[in-house]
Amino acid sequence: MANMAPKKTAMPEQEPNVRNKNFKEVALGYTEEMAKEEATRCLHCKNKPCVSGCPVNVHIPEFIAKVAEGDFEGAYQEIALTNSLPAVCGRVCPQENQCEGKCVRGIKAEPVGVGRLERFVADWHMAHGSDKVEKPASNGHKVAIVGAGPAGLTCAGDLAKMGYQVTVYEAFHAAGGVLIYGIPEFRLPKAIVAKEVAKLEQLGVEIKTDMVIGKVDSVDELFEQGFEAVFIGSGAGLPSFMNIEGESLLGVYSANEYLTRINLMKAYKDGYDTPLAKSNKVAVIGGGNVAMDAARCAKRMGAETVYIVYRRSMEELPARAEEVHHAQEEGIIFKLLNNPVKILGDDQGRVCGMECVEMELGEPDASGRRRPIAKEGSNFTLDVDTVIMSIGTSPNPLIRTTTTGLEANKHGCLIAKENGATTKEGVYAGGDAVTGAATVILAMGAGKTAAQSIDEYIKSKC
Amino acid sequence: MYKIVTKRELNDTVTLMEIEAPHIARKAKAGQFIIFRVDEQGERVPLTIADYDTEKGTVTIIFQIVGASTKLLNTLNAGDSILDFVGPLGVPTHIDPEAKRVCVIGGGVGNAIAYPQAKALHNAGIQVDMIAGFRSKDIVILEDEMRAVTDNLYMMTDDGTYGEKGLVTDKLKQLIEAGNHYDLVVAIGPVIMMKFVAATTKPHNIKTLVSLNPIMIDGTGMCGGCRVRVGGKMKFACVDGPDFDGHEVDFDELMHRNSFYKEQEATARDHECRLLKGGNQNG
Ligand SMILES: Cc1cc2nc3c(=O)[nH]c(=O)nc-3n(C[C@H](O)[C@H](O)[C@H](O)COP(=O)(O)OP(=O)(O)OC[C@H]3O[C@@H](n4cnc5c(N)ncnc54)[C@H](O)[C@@H]3O)c2cc1C
Ligand SMILES: Cc1cc2nc3c(=O)[nH]c(=O)nc-3n(C[C@H](O)[C@H](O)[C@H](O)COP(=O)(O)OP(=O)(O)OC[C@H]3O[C@@H](n4cnc5c(N)ncnc54)[C@H](O)[C@@H]3O)c2cc1C
Ligand code: SF4
Ligand code: SF4
Ligand code: FES
């Protein structure tokens, strides 16, 4: 008989007023007992709707059954069949739109905590399991990967397991992509990412950091150096600004800059040289995961008041439900249906306020969401000293402008078929570089698919 | 890790290093830059590629010791290594193939950045005049190197202790008014100097290239920290530059943005323009 508790087994968390002053992980993870209890809420539906909601089709009821039995290693092996980064996905997937969004338990009450269970299993495995990774015998073929984000790393891992000699080129000084420069420590401990990267290295993947492809070697030159195929997982890192007055004032950041200074360059840790302005009143513009992360980082860096300024309503907020909830608990103030029109500066050119206008929702637009319209004469000033622009990113043009025959659409996204093949022979692409800013799991899925396609492509040529 | 092959102190505050980075040396062109990080705790700091040697596989950097990271770098010696060295970044300087005569202007450590440009122009068969400005005799750098790649080299010092006394713009005005015709002026140095060079050439309609040095992090177009206003539009200096049309650049905004992380007013002339005090740091 299944456990019919209407709510998910509670997740232990740091107290909001404690955690908003530190960078340690917010959610502390299930104990074995809690995991088993939550696992018994699964009905093991024959048609597995949850699985259809997961972009990589994790064998959800199967792994949950193993958790209920207490066979945590078995559960891990079940997940690992289709997901190579469960410790990451369990933490950052927008489960409410994916696996859990399809769970039948969710119709009347809360869905099964699939993400929490996945995280538990992955963490348990990291702590107890043995990951004796054996370097597979080489098949003598070389593949290059551009970008060490979830797409590139997944593609690299899968190819290495098939025996390919894989080299990953990463522009930054560390591997992980958004997982290390964007998503903060309190949501995804960097040690987890580092472990995944170390595992790849044990598989024989060579990771070359400090290599900006297109500047140092181009994709065409990688082929000349003997690589038989190239996978591009360069992400969507180009930040947008609003083009409103005052964006060059001191105290205006892109979320990318703000988060990079804090996460990658560790401005929050003593001993690191990275400077960051001391802010008291911060406005973060936007409503996605990036905005939530920037706002919660600002709070942790000591800001007294932090606003999320978003032009639509709570319903349209694109961030993960859990992040919005956590942000609210931590005291972030949501200024919904508001849009900035101008950033104000003092006589020293520093941000001293932001003029906003109230919005109302009109007819649905192309995205299907109701279009926000400014209310005439509703302008008001928000008292802030820092503004963080978090209104979206697009793919960096560096690769497409330096590679012959590689085509992109009007948004700058690389054109790729379902199997990852781009318009250039031997070049495959996936993740945010193709879709525009999306999710970790979709990037991983694309990396997996491309690895398959690359294998078929290289074999077909031999 | 990237090995320091040679280290030479050009004066009390300016050091030259050759760094082993064959993959960058192979690709580098005049006008491009690298980003270095000394160690795990270090900042990412941009420096122009002052020279490169494809055979030795080295890249030369010349830096002024102004703050924490350049100080730290200067504590290292030949044989030591630094953790990160990324490049070549930015767009190489574009020289109009029609140009016949160019005036290159360097200010202070900016001469180290102007020198490879002068060399590239000279090697392309273009007549190069160079005006090299320094505060005073004891900080003159690279004179022999500059002389070797220029047709006329005018040394200027603020205090008259070496070469002629005066500002680089005084000399430029004098040369233009004396009827010298330049197809292009390239100015590299403190922002304030570049601003006044651009103002000097504007009435004569001489195309003027300046090399901008906003604060940077990634150098690949991903943070927007290096944004500058050129011709009224927002540009990212690391990918759209660092060279821009001097008549289009908003220099005041640049000076202002560069002062953001400044703790106290710098005493060096190179910083006298950055009047803002009290930029607070907390990390
Ligand atoms: C702050 C933030 C929070 C997010 N939160 C979530 C979340 O909670 N859940 C979720 O599912 N998704 C989230 N996302 C989105 C998710 O992180 C991305 O969709 C995902 O990382 C995309 O993976 P990727 O491999 O395509 O690209 P990226 O992770 O962007 O990695 C691309 C890598 O390529 C490198 N690169 C780029 N150009 C070059 C070049 N020319 N040469 C060499 N290397 C290059 C980059 O430096 C980078 O390391 C978030 C994103 C951000 C920014
Ligand atoms: C494309 C480019 C090429 C450059 N080439 C050279 C070069 O060849 N030789 C050279 O000596 N310098 C060069 N610079 C400037 C050099 O990057 C800065 O002097 C350096 O960042 C100072 O670091 P620091 O930690 O020692 O000093 P900090 O303590 O960080 O700063 C000292 C002073 O430098 C300013 N500053 C800090 N960071 C930067 C930055 N990233 N860019 C500009 N100013 C900054 C601060 O506002 C302050 O006034 C270049 C800058 C750019 C953007
Ligand atoms: S990978 Fe993501 S979507 Fe799939 S089951 Fe796990 S948490 Fe759900
Ligand atoms: S839909 Fe929900 S209850 Fe059904 S198998 Fe999936 S997780 Fe279990
Ligand atoms: S340095 Fe980050 S965009 Fe130019």
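Rules and cut-offs
Numbering of residues starts from 1 in each chain and follows the order in which that chain's sequence is written. Naming scheme: in the order in which they are written, chains are lettered from A and ligands are numbered from 1. Local features in a predicted model are, by the rule used here, given only for residues with pLDDT of at least 70; side-chain atom pairs are given and counted only at 80 or more, and totals for whole chains, interfaces and linings are based on all residues. Note that the side-chain values use all heavy atoms of the structure and ignore hydrogens as well as water. Whether two residues touch is decided by their heavy atoms; if any such pair falls within 4.5 Å, the residues are in contact. Buried area: the accessible surface (1.4 Å probe) lost by two parts on joining, summed over both. Each reported salt bridge corresponds to a side-chain nitrogen of Lys or Arg within 4 Å of a carboxyl oxygen of Asp or Glu. Counted as a polar contact is a pair of N or O atoms within 3.5 Å, where, for protein atoms, one must be capable of donating a hydrogen and the other of accepting one, and residues adjacent in sequence contribute only when both atoms are in side chains. Secondary structure is summarised from DSSP: a helix means a run of H or I of at least four residues, a strand means a run of E of at least two, and numbering begins at the N terminus for each. Each residue is assigned to one class: nonpolar for Ala, Val, Leu, Ile, Met, Phe, Trp, Tyr, Cys and Pro, charged for Asp, Glu, Lys and Arg, and polar for all the others, Gly among them. Being near a molecule or strand, for a residue, means having at least one of its heavy atoms within 4 Å of it. Note on areas: these come from Shrake-Rupley sampling with a 1.4 Å probe, and a residue is covered only by the protein chains present in the view. As annotated, the domain borders come from an automatic or database domain assignment. Only when DSSP finds a minimum of two bridges between them are two strands counted as paired. Angular values range over 0 to 180 degrees, each being the angle between N-to-C directions of two axes fitted as lines to C-alpha atoms, with helices fitted over their stretch in contact. Residue burial is assigned from relative accessible area. The probe radius is 1.4 Å, only protein chains are included, and a residue is buried under 20% of its type maximum, exposed over 50%, and partly exposed in between. By this rule, a helix spans an expected 1.5 Å times one less than how many residues it contains. Two rings from Phe, Tyr or Trp (for Trp, the six-membered ring) form a pair when their centres are within 6.5 Å of each other. A pair whose planes differ by under 30 degrees is stacked, one over 60 is edge-to-face, and the rest are tilted. A ring has a charge above it when a Lys NZ or an Arg CZ is no more than 6 Å from the ring centre and no more than 35 degrees off the ring normal.

Enquirer: An account of the interface of chain A and chain B is requested, with residue identities and associated values reported.
Expert: With 46 residues of chain A at the contact, the number on the chain B side is 46 residues. Together, the buried faces of chain A and chain B total about 4,000 Å²; carbon and sulfur atoms form 53% of this surface. When the buried surface of chain A facing chain B is broken down by residue, A:Asp210, A:Lys215 and A:Asp273 rank first, second and third, together holding 16% of it. In this structure, B:Arg26 and A:Asp217 form a salt bridge, with 3.4 Å as the shortest nitrogen-oxygen distance. The interface formed by chain A and chain B includes 17 residue pairs in polar contact (both at pLDDT 80 or more). Of all the elements in the fold, those that place two or more residues in the side of chain A that touches chain B are strand E5 (238-239), strand E6 (252-254) and helix H14 (255-264) of chain A. Ranked by the residues each element gives to the side of chain A that touches chain B, the list is headed by H14(A), at four residues. A per-class count over the side of chain A that touches chain B returns 20 nonpolar, 15 polar and eleven charged.

Enquirer: Go over the site of ligand 1, please, and point to the residues and values.
Expert: Residues and elements named next belong to chain A. Residues in contact with ligand 1 amount to 35 residues; listed here are only the nearest, Val92, Ala151, Glu170, Arg187 and Asp432. Within the backbone of Asp432, one N or O atom sits 2.8 Å away from an oxygen atom of ligand 1. Within the contact set of ligand 1, an oxygen atom lies 3.2 Å away from a backbone nitrogen or oxygen of Ala438. Contact with the protein chains removes 94% of the 1,000 Å² of surface that ligand 1 exposes when unbound. Elements represented by at least two residues in the shell around ligand 1 include exactly helix H10 (150-161), helix H15 (289-300) and helix H19 (440-461). Residue contributions to the shell around ligand 1 peak at three residues, all from H15. Of the residues assigned to the shell around ligand 1, the class counts are 20 nonpolar, ten polar and five charged. No fewer than three residues from each of domain 2 (142-237 + 394-461) and domain 3 (241-391) sit in the shell around ligand 1.

Enquirer: I'd love a proper account of the sheet that holds strand E14 (residues 386-389) of chain A, names of residues and values included.
Expert: By way of backbone hydrogen bonds, the strands of a sheet pair with one another, either parallel or antiparallel. All names here are of chain A. With respect to topology, five strands assemble into an open sheet ordered E6-E14-E7-E8-E9, the strand pairing being parallel. The sheet terminates laterally at E6 and strand E9 (333-336), the two strands that pair on one side only. Sheet twist, expressed as the average angle between the axes of neighbouring strands with direction ignored, equals 20 degrees.

Enquirer: Just give me the short version of helix H8 (residues 251-258) of chain B, but keep the residues and values in it.
Expert: Residues and elements named next belong to chain B. Along H8, seven of the eight residues are buried, which leaves the element largely enclosed by surrounding structure. Taken as a whole, H8 has its buried residues at Phe251, Glu253, Leu254, Met255, His256, Arg257 and Asn258. Among the structural elements, helix H6 (191-201), strand E14 (208-211) and strand E15 (227-230) are those in contact with the buried residues of H8.

Enquirer: An account of the environment of A:Val212 is requested, with residue identities and associated values reported.
Expert: The residue A:Val212 is located in the loop between strand E3 (206-208) and helix H13 (219-224) in this model. Overall, A:Val212 belongs to the buried group, its relative accessible area being 2%. Spatially, the C-alpha atoms of A:Val212 and A:Ile399 are 9.2 Å apart, while their sequence positions differ by 187 residues. Those residues in contact with A:Val212 that sit more than four places away from it in its chain are A:Ala171, A:Asp217, A:Leu398, B:Val86, B:Leu89 and B:Thr220.

Enquirer: Kindly report on the domain arrangement of chain B, identifying the contributing residues and their values.
Expert: All names here are of chain B. If you check the domain split of chain B, you get domain 1 (2-89) and domain 2 (101-211). Put simply, the middle of domain 1 and the middle of domain 2, counted by C-alpha atoms, are 24 Å apart. Contact residues are listed per partner, giving 13 residues for domain 1 and 14 residues for domain 2. Regarding the contact of domain 1 and domain 2, the summed buried area is about 990 Å², with carbon and sulfur atoms giving 62% of it. Counting every contact that joins domain 1 to domain 2 gives two salt bridges. A per-element tally of the side of domain 1 that touches domain 2 places strand E6 (residues 58-64) first, with three residues. Looking at the side of domain 1 that touches domain 2 residue by residue, the classes come out as seven nonpolar, four polar and two charged.

Enquirer: Give me the lowdown on H10(A), citing residues and values where you can.
Expert: All names here are of chain A. With twelve residues, H10 ought to run about 16 Å at 1.5 Å a step, and its terminal C-alpha atoms sit 16 Å apart, in line with that. Most of H10 sits out of view: eleven of its twelve residues are buried. Looking at H10, one finds that the buried residues are Pro150, Ala151, Gly152, Leu153, Thr154, Cys155, Ala156, Gly157, Asp158, Leu159 and Ala160. Trailing H10 by a residue or two, Gly163 shows a phi angle of about 105 degrees, which is positive.

Enquirer: Explain the packing of aromatic side chains residue by residue, including any values.
Expert: Considering all chains together, one arrives at nine aromatic pairs over all chains under this definition. Between A:Phe241 and B:Phe236 the ring centres are 6.3 Å apart and the planes differ by 85 degrees, which places this aromatic pair in the edge-to-face class. On the criterion of chain membership, the pair formed by A:Phe241 in the loop between E5 and E6 and B:Phe236 in strand E16 (residues 233-236) is interchain, its members lying in two chains. In this structure, A:Phe241 and B:Phe236 share a single accessibility class: buried. Three or more aromatic residues joined by ring pairs form one cluster here, namely A:Phe72, A:Phe120 and A:Trp124. Across the ring face of A:Phe227, the terminal group of A:Lys142 is positioned such that the distance to the ring centre comes to 4.6 Å.

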